[in-house]
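What the coordinates show
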Amino acid sequence: MSIEPTLRPFFDPAGVAIIGASSAPAKLGFGVARNLTQSGYTGAIHFVNPRGGRLLERPVYPTVADVPDPVDLAVVIVPAPAVAETLAQAGDRGIRAAIIVSGGFRETGPAGARLEDDCLRVARNYDMRLIGPNCVGLLDTHRPLDTTFLPPPGPTPGDVAFISHSGAICAAVIDWARGQGFGLSQLVSLGNQIDVRETDMLTSVAADRHTRVITLYLEGISDGRRFVHCARQVTRHKPIIALKVGRFAAGQRAVASHTGALAGQESAFNAAFRRAGVIRANTSEELFDWARALAWCPLPAGRDVAVLTNAGGPGVTAADMLESRGLRLAALRPETDAALRALLPPDAGLANPVDMLAAATAAQYAGALRLLLEDPGVHSAMVVVPPPPMESAGSIARALIPIITTAAKPVVIALMGERMIQEAVEYFRAARVPEYRFPERAAAALAVLVERAESARALAADEEAVAPLGRIDPDRVHRLLARCDAGFLPLEIINEALAAYGIRTPRAELATTADAAVDLAWQIGFPVAVKVASPDIVHKSEVGGVQLNLQDPDSVRRAFDEVLAAARAAAPGSVIHGVTVQQMILIGQEVIVGAVQDAQFGPLVMFGSGGVEVEGLRDVEFALAPVTPGEAEGLLARTWAGRRLAGFRNMPPADRAAVLAVIRRLGQLAADFPQLAEIELNPVRVLPGDGGAVAVDARARLA
């Protein structure tokens, strides 16, 4: 990875001009000048203000044209209406990168948005890259470089980078990081992002040799597919953790299918992050809890954890939290058990969690941890340290640190308490050992290490490559859709499109009279289903437009009349073509497979529990389309519908391979035809053994 050439002046400028530098301590122009001067930056520093004079023992130039070489980065802090003209002057001076700190743009309304357009137009004329406006700026603790106006002291040098859509959170993060004992490598505040956006920054920040983990504070993503591609390239080498805010904003999507209704913004982000290998945090605390663990710990080889403590209650809490995070308590070898028995008091609990009892010494903590880490069945360890009654927490920390820092397996500390553990806190932080106040946070950190390890292995195997699918005929679907107008498609068109992509459907024919319906039932074979055929009635069962398991001609004839009458009564004015007579599939498990086009990330595929209660159950998961074999397996693993395919109680195992094929084939159809706004197969009946899977009902809408 390397810095994108047009972004290099932001990260490695030969000289910086602060346009709008001020001698008034209350102004942002003073804050930027102070921070850049005090940061230790070794390049040229130039101050620009029409008043001239001197500032911080440096000359102040009246215009940017007066600034001597070298200068390749401008920090602009002038009133919003003057920014575009200032950028033009910087462009004339040969500057091709600018950070616009000034506010008063899109965030203030339409007039401010027009000022942004003016700035971007000037930048394009000069091939100039812009960060901002309305941003805090950028800093690099190792370069060092600080173009922000944030109050000192700045962050301590570290290995966690922070890219943020919010400027306000940056000062809090710097102060919080200092208090938590970890440092930052780089901080980038993007502001309104009229040019440089979060995706542009990813590879350049990842190129920094000091950065071990990248953290993101996101309010949205401007180009979803590009973000996924770039983030995936980065996460092959370095982990990314994202906090996406605005999770519960009401969506504006107009939908008629279960898939569309359930495929909200957050489902799309989850699918995108999963494809990209990005770890999603739920809170700001998790964002940096996990960053510390990823920056300071080796990755585990598996999910089996040893818990070491001097108290039973915290050990049980740790065990519960580990299991809730999908981890397991390791089964200790007999040799480990025997060695622990020789080290610890007779009454100690040797089953994992290992409870050394309240009087455990620092030497016993260290010895027991060494034995646990030597056990090949242990992949990681959590040490729980409530305030010890006999020794200081600091002495226990000193004993543990040499074991932890030389181990090839990750160890996290649940250091419970506040005042009585402060000495231990300082020791652990100085040694770069992640410590958390309670087992819940420590368990979450271990789970993230496992998630990163598994994701890294998948990324290394290049599972982004989508295995080719046989038996698909896109040309046939092109011809079908060319005949159709926008709106819901007739069932016969949908079934033919599904057949072109190798997805099996039951035989179904349109009947316009009761006699024709009976004739079709004889041809198809009893039992059959009768469904109203109408482009205006999407959820047919809700209006009485479906009758199932019809066993004889009389029931078919009666159903023809009843479903039409019910549909006309419930949806007066609807276009009704007749009824569809369809083969009944009476056996198998019911699942749903659907696809919907997302405005940011493109086609999404949904899988989960099917039938009429899909929105009530919400046992569904999403993946970006086209779907890789590994992602299809993940959809099954994360849903009850997928796990149930192995058999449950009196349900025999169903054709899992057939479901995986349907997921991938529908995903390919959605990717190949973005004009298909929604397509849903519900239910798909999955037959026992290797009997296949049949899309019993389908609906699709053409945009």
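Every chain is numbered on its own, with residues counted from 1 as its sequence reads. Only residues with pLDDT of at least 70 get local features here, since the model is predicted, and only at 80 or more are side-chain atom pairs given and counted; chain-wide, interface and lining totals rely on the full set of residues. Values reported for side chains reflect all heavy atoms of the structure, with hydrogen atoms and water molecules removed beforehand.

1. A few points about the sheet that holds strand β3 (residues 54-55)
The strands that make up a sheet pair up through hydrogen bonds in the backbone, lying either parallel or antiparallel. Threshold: Paired strands, as defined in this entry, are two strands with at least two bridges between them according to DSSP. Under the scheme used here, helices are H or I runs from DSSP no shorter than 4 residues and strands are E runs no shorter than 2 residues, and both carry numbers assigned from the N terminus.
If you walk across this open sheet you meet the seven strands as β3-β4-β2-β1-β5-β6-β7, and the pairing is mixed. Each of the sheet's edge strands pairs with one partner strand only, and the pair in question is β3 and β7 (129-131). Of the pairings in the sheet, the one linking strand β1 (residues 15-19) to strand β5 (residues 73-76) comprises four bridges and is parallel in character. Paired with Ala-17 across the two strands is Ala-74, which belongs to β5.

2. Quick look at the packing of aromatic side chains
Note the following rule: Each Phe, Tyr or Trp ring (for Trp, its six-membered ring) is paired with any other whose centre lies within 6.5 Å, and the angle between the two planes then decides the class: stacked below 30 degrees, edge-to-face above 60, tilted in between. The buried label goes to any residue with under 20% of its type's maximum accessible area, the exposed label to any with over 50%, and the partly exposed label to all in between, with areas taken from a 1.4 Å probe on protein chains only. Lysine NZ or arginine CZ positioned within 6 Å of the ring centre and within 35 degrees of the ring normal marks a charge as sitting over the ring.
Counted under the stated rule, the structure contains 10 aromatic pairs. With 5.1 Å between their ring centres and 80° between their planes, Phe-269 and Phe-601 make a pair best called edge-to-face. Residue Phe-269 is found in helix α9 (residues 265-276), and its partner Phe-601 is found in the loop between β26 (589-598) and β27 (602-609); the two are separated by 332 residues along the sequence. Classification of Phe-269 by relative accessible area gives buried; the value is 0%. Taken together, Phe-162, Trp-176, Phe-182 and Phe-288 form an aromatic cluster joined through their ring pairs. Geometry around Phe-269 places Lys-244 over its ring, the cationic atom sitting 4.7 Å from the centre.

3. Details of the nonpolar core
The criterion, for reference: The definition of a nonpolar core used throughout is a set of buried Ala, Val, Leu, Ile, Met, Phe, Trp, Tyr and Cys residues joined through side-chain atoms within 4.5 Å. Two residues qualify as a contact provided that any one of their heavy atoms is within 4.5 Å of a heavy atom in the partner residue.
Within the largest apolar cluster, 61 residues are counted, with the highest numbers of intra-cluster contacts made by Phe-10, Ile-18, Met-201 and Ile-214. When residues of this core are assigned to their parent elements, the largest contribution, six residues, is made by α9. Not counting residues up to four positions away in its chain, the partners in contact with Ile-18 are Val-32, Ala-33, Leu-36, His-46, Phe-47, Val-48, Val-75 and Ile-77. Membership of the second largest hydrophobic core comes to 48 residues, among which are Phe-162, Ala-177, Ala-293 and Val-448.

4. Some thoughts on helix α6 (residues 198-206)
The element α6 is largely enclosed, with a buried count of eight among its nine residues. Listed as buried for α6 are Glu-198, Thr-199, Asp-200, Met-201, Leu-202, Ser-204, Val-205 and Ala-206.

5. Here we look at the packing of helix α3 (residues 80-92) against helix α4 (residues 110-125)
As a reminder of what qualifies: Every angle, taken between N-to-C directions, lies between 0 and 180 degrees, and every axis is a line fitted to C-alpha atoms, over only the stretch in contact when it is a helix. Note on angle classes: values under 35 degrees are labelled roughly parallel, values over 145 roughly antiparallel, values of 65 to 115 roughly perpendicular, and the remainder oblique. Ten residue types, Ala, Val, Leu, Ile, Met, Phe, Trp, Tyr, Cys and Pro, are classed as nonpolar, four, Asp, Glu, Lys and Arg, as charged, and the remainder, Gly among them, as polar.
Put simply, α3 and α4 touch, their axes get as near as 9 Å, and they point 5° apart. It follows that α3 is roughly parallel to α4 by the angle criterion. Along its contact with α3, which presents Ala-80, Pro-81, Val-83, Ala-84, Leu-87 and Ala-88, the element α4 presents Leu-115, Asp-118, Cys-119 and Val-122. Per-class residue counts for the contact of α3 with α4 are nine nonpolar, no polar and one charged.

6. Quick look at the environment of Arg-558
By the element assignment, Arg-558 lies in helix α20 (residues 553-570). Accessibility expressed as a relative area gives 46% for Arg-558, which makes it partly exposed. In the structure, Arg-558 is positioned 132 residues away from Asp-690 in sequence and 36 Å away in space, judged by C-alpha atoms.

7. A word on the confidence of the model for the protein chain
The predicted coordinates should not be examined in detail at positions where pLDDT is low. Stated precisely, the cut-off is as follows: pLDDT runs from 0 to 100 and stands for how confident the predictor is about each residue.
Looking at the protein chain, pLDDT values average 93 and 96% of them are 70 or higher. Predicted confidence is poor over residues 249-257, with pLDDT under 50, and the contacts of this stretch with residues over four places away or in other chains come to 17 contacts.

8. A look at unusual backbone geometry
Along the chain, Pro-152 connects to Pro-153 via a cis peptide bond; the corresponding omega equals 0°. Relative to the elements of secondary structure, Pro-153 occurs in the loop between β9 (145-146) and β10 (157-164). In the segment running from Asn-352 into Pro-353, the intervening peptide bond is cis, with an omega of 5°. Within the secondary structure layout, Pro-353 lies in the loop between α12 (334-343) and β17 (354-355). A positive phi angle, close to 55°, is found at Asp-127, a residue other than glycine. Looking at the secondary structure, you find Asp-127 in the loop between α4 and β7.

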